[in-house]
Amino acid sequence: MRRLLSAAAIFLILGPLPGTEQRLRVMDRASQRIEARPLVYPAGQTGTLRFVRGWRLVSPNTMFGGFSALALTGPDRFQIAGDNGVLVRMTLTDEGHPRAAHIGTIASPTGGGRYKSQSDVESMLVDRQSGRTWLALEGLNQVWRLDPTLTHVESRRALPEPAWPSNSGPEAMARLDDGRTLIFSEDAHSDPRGREALLYTGDPAAPGPAPLRFFYDAEGKGLVSDAAPLPDGRVLLVHRRLGLSPIFTTILAIVDPADIAKDAVVRSVAIGQVPAPLADNYEGAAVMRRDGHTFVWLVADNNFNAWQRSLLVEFELVDLPDSKKAAR
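Residues numbered from 1 in each chain as written. Predicted model: local features only at pLDDT ≥ 70, side-chain atom pairs only at ≥ 80, totals over all residues. Heavy atoms only, no water.

1. Topic: the packing of aromatic side chains
1) Next: Enumeration according to the criterion identifies 7 aromatic pairs in this entry.
2) Next: Seen in terms of ring centroids, Phe51 and Phe315 are 5.9 Å apart; in terms of plane orientation they differ by 70°. Their pairing is edge-to-face. Of this pair, Phe51 sits in strand β2 (residues 49-58) while Phe315 sits in strand β21 (residues 311-317), and the two are 264 residues apart along the sequence.
3) Next: We classify Phe51 as buried; its relative accessible area is 4%.
4) Next: The ring of Trp134 carries Arg175 above its face, with NZ or CZ at 4.6 Å from the centroid. (Phe/Tyr/Trp six-rings, centres within 6.5 Å; stacked < 30°, edge-to-face > 60°. Helix = DSSP H or I, 4+ residues; strand = E, 2+ residues; numbered from the N terminus. Buried < 20%, exposed > 50% of the residue type's maximum accessible area, 1.4 Å probe, protein only. Lys NZ or Arg CZ within 6 Å of the ring centre and 35° of its normal.)

2. Section: the sheet that holds strand β1 (residues 35-38)
1) Next: If you trace the 5 strands from one edge of the open sheet to the other, you get β1-β2-β21-β20-β19, paired in antiparallel fashion. Looking at strand neighbours, the two that pair on one side only are β1 and β19 (282-290), the edges of this open sheet. Sheet twist, expressed as the mean angle between neighbouring strand axes with direction ignored, is 25°.
2) Next: Bridging between strand β20 (residues 293-300) and β21 involves 6 bridges; their strand directions are antiparallel. By the bridge assignment, Leu298 is partnered in β21 with Val313. (Pairing = 2+ DSSP bridges. Axes fitted to C-alpha atoms, helices over the stretch in contact; angles between N-to-C directions.)

3. Topic: the sheet that holds strand β14 (residues 212-217)
1) Next: The sheet built from 8 strands is open, its strands ordered β11-β12-β13-β14-β18-β17-β16-β15 with mixed pairing. Only two strands of the sheet have a single neighbouring strand rather than two, namely β11 (170-175) and β15 (223-229). Across the sheet, the mean angle from the axis of one strand to that of its neighbour is 30°, orientation sign disregarded.
2) Next: Bridge count between strand β17 (residues 248-255) and strand β18 (residues 265-273): 5 bridges; the pairing is antiparallel. From the neighbouring strand, Val255 faces β18, where its bridge partner is Ser268.

4. Quick notes on the layout of surface pockets
1) Next: In this structure, the second largest pocket spans a volume of roughly 630 Å³.
2) Next: Every residue lining the second largest pocket is counted, 24 residues in all, and those nearest its centre are Val126, Arg128, Arg175, Pro229 and Val287.
3) Next: The set of elements that each furnish at least two residues to the lining of the second largest pocket consists of β3 (67-74), β7 (121-126), β11, β15 and β19. (1 Å grid on protein atoms, 1.4 Å probe; cavity = no way out; pocket = protein on both sides within 12 Å on 5 of 7 lines; lining within 4 Å. Points joined across faces, edges and corners; volume = space filled by probe spheres on them.)

5. What about the environment of Arg241?
1) Next: Tracing the backbone shows Arg241 in strand β16 (residues 235-242).
2) Next: For Arg241, the residues in contact, after removing those within four places along its chain, are Gly220, Lys221, Gly222, Ile247, Phe248, Thr249 and Ile251.
3) Next: A distance of 2.9 Å separates a polar side-chain atom of Arg241 from the backbone oxygen of Gly220. (Contact = heavy atoms within 4.5 Å. Polar contact = N/O pair within 3.5 Å; in protein donor to acceptor, adjacent residues only side chain to side chain.)

6. Some words on the pattern of salt bridges
1) Next: Taken as a whole and assessed by the stated rule, the structure comprises 20 salt bridges.
2) Next: Salt-bridge contacts for Glu196 lead to Arg213; the nearest nitrogen and oxygen are separated by 3.4 Å. Taken together, the positions of Glu196 in strand β13 (residues 195-200) and Arg213 in strand β14 put the pair 17 residues apart, joining distant regions of the chain.
3) Next: For Arg213, a relative accessible area of 30% gives the class partly exposed.
4) Next: The residue Asp232 makes a salt bridge to Arg234 at a minimum N-O spacing of 2.7 Å.
5) Next: Taking relative accessible area as the criterion, Asp232 reaches 29% and is therefore assigned partly exposed.
6) Next: Salt bridges sharing partners connect three or more residues here, namely Arg53, Asp76, Arg290 and Glu314. (Salt bridge = Lys/Arg side-chain N within 4 Å of Asp/Glu carboxyl O.)

Shown next as structure tokens:
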């Protein structure tokens, strides 16, 4: 995601939030230590979005943070990518302790160094069967496919012309059950019909047919920050809206892929928002089924600001509105 210029303006006006620390960090890009500090918030509240558990993630590694994409590779096993090119893998124990943690960087297509614009990962897919990973990079307006070891870029493809603005490009990506892939722009072209989005029938990182273009009208929910498929075939969208109290409001909604057609305007149904005590800049989402229930994990981008947090939270999704189209 772009560096939230309006949020920066708010920070300049307000200054550091109460209780935050302003310290110069010692540069450390080697540490593999991650600490998960439990969030104190009552679980099982009423509403569609019911808090289950959550943590604030911290590490002495100065690359750790800026998280903008999230994938589940197994039960409580996470792969998290940041808009600075960081790639984190870890498993959380039942007690909430990270283990098998690894903090690294995404592979480079050329094998050389990268600038920030060449590492701005905003969304991620992981295929559990093949182990491959797909990344959507905003600065480059490209989708990459990485091999199972995450050390080699197997294929990459640019978004079609006209190119999306480099700071408003591919922000959310979701793989449907039939293999098609949805990619939502953050704020491309500000078309009066809505924000541009694309539907790929094949691998979005490999040569193939041109994607179908459509428009998403968020109807005031904010800008899309990530997407994740639901078990019934619909897609969960995470929206981010800026304000003053709280600065970040996260609204979750459901969109039905059956509504998508060439140049069509697609809308979603809001299902709830993250409670104010847990509010932060959520940019990554992953959905899973467990014991017959549906859960969503969200990860927050701290923008490497002392007044923001790298949060990893889980909510149960209950009493979702019925789907009449997606199951067809």
